[in-house]
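Reading the structure
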Amino acid sequence: MRTLLIDMDSVICDLMTEWHKRYNNDYHDSLSVEKLQCWRSEDYVKSECGEKIYQYLDEPGLFLHLSPLPHAIEVLKRLVKQYDILIVTSSRTYAYTEKELWVEKHLPFIGKKNLIFSHRKDMICGDLLFDDAPHNLIAFQETGRTALAMNYPYNQQVDVPRVNDWLEFEKWLSKWK
């Protein structure tokens, strides 16, 4: 059975909406994922914020209350019958516990035993990585394995197959050799 490595943030759950909402409320701005043309969020925020944009990722409660992306749960329920699925995510401060609780709540059929925290996803054994971060996609692809991007403006420079949503991901997998 093939093993799928699937990222959490902005792949299974919607991190950007909540993250940007917190920033926009504090800085009276209109940041959205559609405006991010590269991975460096600090390039798209007001100068008085700068790299402080990442401090929102350390706020307790942020990761615990993220919404699943459309169709993610239903597609994962189908895929778990055909593939070994590991959720591979990186984390900061409070997010370890919150991400584990999120998986227990939304993905009990996968479970926290299949949750791996790593900043080096290319080092994890698996046949395919489904991710959004350019650096993860590139590093995984360089191992000779399949990297597939959840399509966002900030990862367009990476030359890998891409899908726009979970239904497209499921369809793509059905043709994967």
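Our subject is the structure that appears above.
Source: prediction; values computed, not measured.

1. Examining the nonpolar core
- Judged by nonpolar contacts, the single largest core of 48 residues is most densely connected at Leu-4, Ile-6, Ile-12, Phe-130, Trp-166 and Phe-169.
- Where this core is concerned, the elements lending two or more residues are β1 (3–6), α1 (15–27), α2 (72–79), β2 (84–89), α3 (95–106), β4 (128–131), β5 (146–150) and α5 (166–175).
- Excluding residues that lie within four positions of it along the chain, Trp-166 makes contacts with Ile-6, Val-11, Ile-12, Leu-69, Pro-70, His-71, Ala-72, Val-75, Leu-76, Leu-79, Phe-130 and Met-150.
- Listed in part, the eleven residues of the second largest apolar core include Leu-86, Ile-124, Leu-137 and Ala-147.

2. A short note on the layout of surface pockets
- Approximately 530 Å³ is the volume found for the largest pocket.
- Looking at the largest pocket, it is lined by 27 residues, and the ones nearest its centre are Asp-9, Leu-15, Trp-39, Leu-57 and Ser-90.
- Put simply, the parts of the chain that give the lining of the largest pocket at least two residues each are α1, α3 and α4 (134–141).
- The element contributing the most residues to the lining of the largest pocket is α1, with three residues.

3. Focus: unusual backbone geometry
- Here His-28, not a glycine, exhibits a phi torsion of approximately 50°, which is positive.
- Structurally, His-28 is set in the loop between α1 and α2.
- Residue classification places His-28 among the exposed residues on the basis of a relative accessible area of 69%.
- Even without glycine at this site, His-71 takes up a positive phi of about 70°.
- In this fold, His-71 is placed in the loop between α1 and α2.

What counts as what
- Residues numbered from 1 in each chain as written.
- Predicted model: local features only at pLDDT ≥ 70, side-chain atom pairs only at ≥ 80, totals over all residues.
- Heavy atoms only, no water.
- Core = buried A, V, L, I, M, F, W, Y, C linked by side-chain atoms within 4.5 Å.
- Buried < 20%, exposed > 50% of the residue type's maximum accessible area, 1.4 Å probe, protein only.
- Helix = DSSP H or I, 4+ residues; strand = E, 2+ residues; numbered from the N terminus.
- Contact = heavy atoms within 4.5 Å.
- 1 Å grid on protein atoms, 1.4 Å probe; cavity = no way out; pocket = protein on both sides within 12 Å on 5 of 7 lines; lining within 4 Å.
- Points joined across faces, edges and corners; volume = space filled by probe spheres on them.

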